[in-house]
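Observations on the three-dimensional arrangement
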Amino acid sequence: MPNPSSKYALEGTAAHQLAEECILNKRSPYTYINGGTVTLEDDDGNQIEYEVTSDMAEAVMVYLKEVTALANYLGQDITGENVEVGFHLDWIDEELWGTNDLMLGVPFDTLYIYDYKHGQGVAVDVENNVQLMYYALGALGPDNPNCYTDVVLCIVQPRATHPDGPIRKWRVSVDALYDFHVKLLEGVKATRDKNAPLCSGPHCRWCLALSVCPEVGKEAASVAGLTAKQVFGDKPLTFPGPNEILPEQRVKLYQFIEQFEQWAKAIKSDTHDKLLSGHDFPGLKVVAGRASRKYRDEAEAEKKLVGLIGEDAYTSSLKSVAQAEKELKKHGLGPEAISDLIETTRGNTVALESDKRPALTIKTASEAFA
Ligand code: SF4
């Protein structure tokens, strides 16, 4: 499948580039805000200047503080040899390679490996994380020349909510990692089997073949078959991939999708409301949602923004916090100009029981008033 870079991948690359520059030049990411850029290469090899936002600087700062504190604790300097260290696991298989974001080690003791994740969609667990164990094998090489006994794997993911916080660490012995390499090798071989069994799950979200995968189509059909039986009758539903849909079928499908989305939205909203008002649906829970920023007092914010940037404070209505910050920048002003007007709130959302975020305790109105 083609693998075009998405805007999220580009943003992630930019954040890594910013982190690398800041670590090696001992520079604060905040000094990039208001027009600072990092240089990246696009798919065609052209150089592009990617603008650093305050959100990106804030996230990278979390990573920077963490690795600087570790280097101070170990009494080591971070140099180019520790950052963005490429590896080739040719001692396991020719096609395995990668890059460690940062590694610092104390010979005969512990090797620390950092993986900075800029994404905010899925908060990744560190324990038994095979991606990081793979990175650790890349750092150790075939014969562990520095005689490390343990590896501490660290994920820094400032923009996703995880019950263990933005920095998660897991200590694993070098012996366990070398044991893991056997499993890894088996996995690598299995991918070359033309008839490898398809195994769908949450990981499919990242798969380039998602839209054409027969396994996911089958799963979706069986789920929809259960919930939509009364609506669609006993006719089995199948979900063909985009390449199997005829042009004339697309309009009908689009109508169906629009209706289905509305129905799904209503079910989600109703489930949320019912859970908040004390209903219990085993298998579902309410968890903390993402933080969002809004004006504490819309009228006060409008007055101040108009004073600062005039008509540019509006689109059809008052600009949102993020839009206003962008506009302020064009007027040579920083986000601090309106920081006193903003409050950060965190809503809640429905999640499956398997979600790592803890369930919120919901009080009914009568319990709260009591
Ligand atoms: S979408 Fe299909 S091929 Fe891709 S990971 Fe999921 S099951 Fe495997």
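These figures come from a predicted structure and were not determined experimentally. Numbers given for residues are sequential positions, taken from 1 along each chain in its written order. Owing to the predicted nature of the model, reporting of local features is limited to residues with pLDDT of at least 70; listing and counting of side-chain atom pairs is limited to 80 or more, with chain, interface and lining totals taken over all residues. The side-chain figures draw on all heavy atoms in the structure; neither hydrogens nor water molecules are used.

1. Remarks on the packing of aromatic side chains
Aromatic rings in a pair are described by how distant their centres are and how their planes are angled relative to each other. Quick note on the threshold: Stacked, tilted and edge-to-face are the three classes applied to pairs of Phe, Tyr and Trp rings, where Trp contributes its six-membered ring and a pair requires centres within 6.5 Å; stacked means planes under 30 degrees apart, edge-to-face means over 60, and tilted covers the rest. Two limits define a charge over a ring: the Lys NZ or Arg CZ must be within 6 Å of the ring centre, and within 35 degrees of the ring normal.
Under the criterion given, the structure shown has 6 aromatic pairs. Site record: aromatic cluster; members linked through ring pairs are Tyr63, Tyr114 and Tyr116. In this structure, Arg27 is placed above the aromatic ring of Tyr32, and the distance from its NZ or CZ to the ring centre is 3.8 Å.

2. Concerning the nonpolar core
Stated formally: Definition of nonpolar core: a set of buried residues of the types Ala, Val, Leu, Ile, Met, Phe, Trp, Tyr and Cys, connected through side-chain atoms within 4.5 Å. Throughout this description, buried means an accessible area under 20% of the type-specific maximum (1.4 Å probe, protein chains only), exposed means over 50%, and partly exposed covers the range between. Each helix is a run of DSSP H or I of at least 4 residues and each strand a run of E of at least 2, with the numbering of both proceeding from the N terminus. Two residues qualify as a contact provided that any one of their heavy atoms is within 4.5 Å of a heavy atom in the partner residue.
In this structure, Tyr63, Leu102 and Tyr114 are the most contacted members of the largest nonpolar core, which totals 33 residues. At the level of secondary structure, the elements contributing two or more residues to this core comprise helix 1 (7-25), strand 1 (37-41), helix 2 (54-74), strand 4 (97-105), strand 5 (110-116) and strand 6 (150-156). At 11 residues, the largest contribution of residues to this core is made by helix 2. Leaving out residues up to four positions away in the same chain, Tyr114 has contacts with Tyr63, Glu66, Val67, Leu70, Asp101, Leu102, Cys154, Val156 and Lys169. Grouped together as the second largest cluster of nonpolar side chains are 27 residues, Phe87, Leu111, Val151 and Val172 included.

3. Overview of the sheet that holds strand 6
Two modes of strand pairing occur in sheets, parallel and antiparallel, and in both the strands are linked by backbone hydrogen bonds. This is how it is decided: Only strands joined by at least two bridges in the DSSP assignment are considered to pair. Axis angles are defined between N-to-C directions and span 0 to 180 degrees, where every axis is a line fitted to C-alpha atoms and, for a helix, only to the segment in contact.
Here we have 5 strands laid out as an open sheet, ordered 3-4-5-6-7, and mixed in their pairing. Where the open sheet ends on each side, the last strands, each with one partner, are strand 3 (83-88) and strand 7 (167-173). Here the strands of the sheet are splayed against their neighbours by 35° on average, with no regard to which way each runs.

4. Thoughts on a nonpolar patch on the surface
Put simply, the rule reads: Put simply, a patch holds well-exposed residues, over 30% relative accessible area, that have no salt bridge, with like charges counted together within 9 Å and Val, Leu, Ile, Met, Phe, Trp or Tyr side chains within 5 Å. Using a 1.4 Å probe, accessible areas were evaluated by the Shrake-Rupley method; residue-level cover was limited to the displayed protein chains. Salt bridges are defined as contacts in which a side-chain nitrogen from Lys or Arg sits within 4 Å of a carboxyl oxygen from Asp or Glu.
A grouping of Met1, Leu208 and Val212 is seen on the molecular surface, where their side chains present a nonpolar patch of about 270 Å² in accessible area. Here Met1 is to be found in the segment before helix 1.

5. As for helix 2
As a reminder, the rule being used: Given the number of residues in a helix, its expected span is that number minus one, multiplied by 1.5 Å.
Given a rise of 1.5 Å per residue, 21 residues ought to cover 30 Å, and the 30 Å separating the end C-alpha atoms of helix 2 matches this to within 8%. Each element contacted by the buried residues of helix 2 is listed here: helix 1, strand 2 (47-51), strand 4, strand 5, strand 6 and strand 7. Just beyond helix 2, the residue with positive phi is Gly75, at close to 70°.

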